[in-house]
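Below, each chain spelled out in residue letters.
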Amino acid sequence: MPRPVHALTHTDALRHNLARLRQSCPQSRLLAVVKANAYGHGLAHVFDGLRGADGFALLDLNEAQSVRELGWRGPVLLLEGVFEQRDLELCSRLDLWNVVHHEGQIDMLSRHKTQVPQRVFLKMNSGMNRLGFTPQAFRSAWVRLNALPQVDEISLMTHFARADDAHGVDAQLQVFAQHSSDLPGERSLANSAAVLRHGERDDVTADWVRTGVAMYGSSPDHGLHDAAHWGLRPAMSLRSRVVGVQQLKAGDSVGYGGVFTAPQDMAVGIVACGYADGYPRQAPTGTPVLVNGVRTRTLGRVSMDMLCVDLSAPAAAGIGDEVTLWGSASSGQVLCIDEVAQAAGTVGYELMCALAARVPVSAV
Ligand SMILES: *Cc1c(COP(=O)(O)O)cnc(C)c1O
């Protein structure tokens, strides 16, 4: 029998979250962001739940190929565009849309031998200072693209650095509008945070939104609003089982470094899940976890293949009992991935993406 650790992806939750996001921007079309192997869930495992989107957005050509192999014939956007000349051949073959964010990509397009012009999303750096043309260079890039026979429709795009906090999107919106408002074409600006927090604003949601993390049931502004506040459900559950029980006496410690010492006699469950499965090693004593659907806490250091949980509360728990590291228990109780992430000093995004290859995933 394999180790009991496993992950489930929840097709219903994906559908629900997608519908929830659409509710915030009913006028916009929605690109489901499935980069990083669908935020760790597995492209094939989320496809059914997300096929109601208007398109998919991702980074890697091989992921784009997988989306086509799954039978998707609609839009697929490469969020960073191409990295080298020959990528454009596959782009043409797979009928992909491309982000164009630097001059070299326009050069490559100009050398591309194709009969079928491609749709491109021209990206402005409106203040995040990651990818994109400066506002000043944006118009000349548009003019260059517009003159190429290889280029079909040109859409305009930017990305928000602070849609998830109080600083908000206004400064970047203003830069974007100031340097693009007289250019034709569809617009794409909003990520999950922008859709949930500013969905009522047409200038934010525009023609195409690009949502990732919220579709998977994590709140993009967890410190301010949790997933339940936004009406999101976990699309991934990481579950395992208790594989050992130790009865500690007051003063005994548990795990590497002995960093947790029992204040009184207590039962400790040893769970088959560790950092080699993608559970964060940084998660300290007290990180929430469900045993048989009952909330308890981790104890001591997370090791490679195991972690320890407090069995004082879920009385009578023993070997074989279900442990939910995040997501939903089989009894339906939910432990949001964001709570675990917060305890470990990170965000839900990182935990999802870090799910280890050795953990078997199945879609339910
Ligand atoms: C990852 C990404 C998104 C999705 O962001 P979420 O916060 O997960 O919704 C949108 N746009 C671009 C350019 C991205 O790289």
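Note: the structure precedes this text.
Given the structure is predicted, the values throughout are model-derived calculations rather than measurements.

Conventions we followed
- Residues numbered from 1 in each chain as written.
- Predicted model: local features only at pLDDT ≥ 70, side-chain atom pairs only at ≥ 80, totals over all residues.
- Heavy atoms only, no water.
- Near = heavy atom within 4 Å.
- Polar contact = N/O pair within 3.5 Å; in protein donor to acceptor, adjacent residues only side chain to side chain.
- Areas by Shrake-Rupley, 256 points an atom, 1.4 Å probe, with all protein chains shown as cover.
- Helix = DSSP H or I, 4+ residues; strand = E, 2+ residues; numbered from the N terminus.
- Nonpolar A, V, L, I, M, F, W, Y, C, P; charged D, E, K, R; others polar.
- Buried < 20%, exposed > 50% of the residue type's maximum accessible area, 1.4 Å probe, protein only.
- Pairing = 2+ DSSP bridges.
- Right-handed = clockwise from strand over helix to strand, strands pointing away.
- Contact = heavy atoms within 4.5 Å.
- Phe/Tyr/Trp six-rings, centres within 6.5 Å; stacked < 30°, edge-to-face > 60°.

Draft legend 1. Local environment of the site of the ligand. In the vicinity of the ligand, the residues found are Val-33, Lys-35, Tyr-39, Leu-79, His-159, Asn-191, Ser-192, Arg-210, Thr-211, Gly-212, Val-213 and Tyr-349. Note that an oxygen atom of the ligand is positioned 2.7 Å from one of the side-chain N or O atoms of Lys-35. Isolated, the ligand exposes 390 Å² of accessible area, and the fraction of that covered by the protein chains is 93%. Counting only elements with at least two residues in the shell around the ligand, the list comes to helix 2 (35-39) and strand 9 (208-211). Class assignment for the residues of the shell around the ligand results in 5 nonpolar, 5 polar and 2 charged.

Draft legend 2. Geometry of the pairing of strand 2 (residues 29-33). Here strand 2 lies mainly inside the structure; 4 of its 5 residues are buried. Both strand 2 and strand 9 contribute to a ladder of 4 bridges, which runs parallel. Each residue of the ladder has a partner; that of Ala-32, found in strand 9, is Thr-211. Looking at chain direction, strand 2 and strand 3 (residues 55-58) are connected through 3 bridges and run parallel. Following the sheet pairing, Leu-31 is matched in strand 3 by Gly-55.

Draft legend 3. Representation of the pairing of strand 6 (residues 118-123) in the model. Across the 6 residues that make up strand 6, a large majority, 6, are buried. A crossover links strand 5 (residues 97-100) with its parallel partner strand 6, the connecting element being helix 6 (residues 103-111), and its sense is right-handed. Inspection of the sheet shows strand 6 paired to strand 7 (residues 151-157) by 5 bridges, in the parallel sense. If you follow Leu-122 over to strand 7, its bridge partner there is Leu-156. Handedness of the crossover is the feature at issue here: the chain leaves strand 6, passes through helix 7 (residues 135-146), returns alongside strand 7, and the resulting connection is right-handed.

Draft legend 4. Region of the structure containing the environment of Ala-344. Inspection of the secondary structure puts Ala-344 in the loop between helix 11 (337-343) and helix 12 (348-353). Along the chain, Ala-344 and Thr-285 lie 59 residues apart, while their C-alpha atoms are 9.9 Å from each other. When neighbours within four sequence positions are excluded, Ala-344 is seen to be in contact with Pro-280, Gln-282, Ala-283 and Pro-284.

Draft legend 5. Representation of the packing of aromatic side chains in the model. Inspection of the entire model under this criterion finds 8 aromatic pairs. Aromatic pair Tyr-39 and Tyr-216: ring centres 4.7 Å apart, planes at 25 degrees, arrangement stacked. With Tyr-39 in helix 2 and Tyr-216 in the loop between strand 9 and strand 10 (236-248), this residue pair connects regions lying 177 residues apart in the sequence. A centroid spacing of 6.4 Å and a plane angle of 85 degrees characterise the contact between Phe-47 and Trp-72, whose relative ring orientation is edge-to-face.

By themselves, these are just geometric observations and shouldn't be taken as functional.
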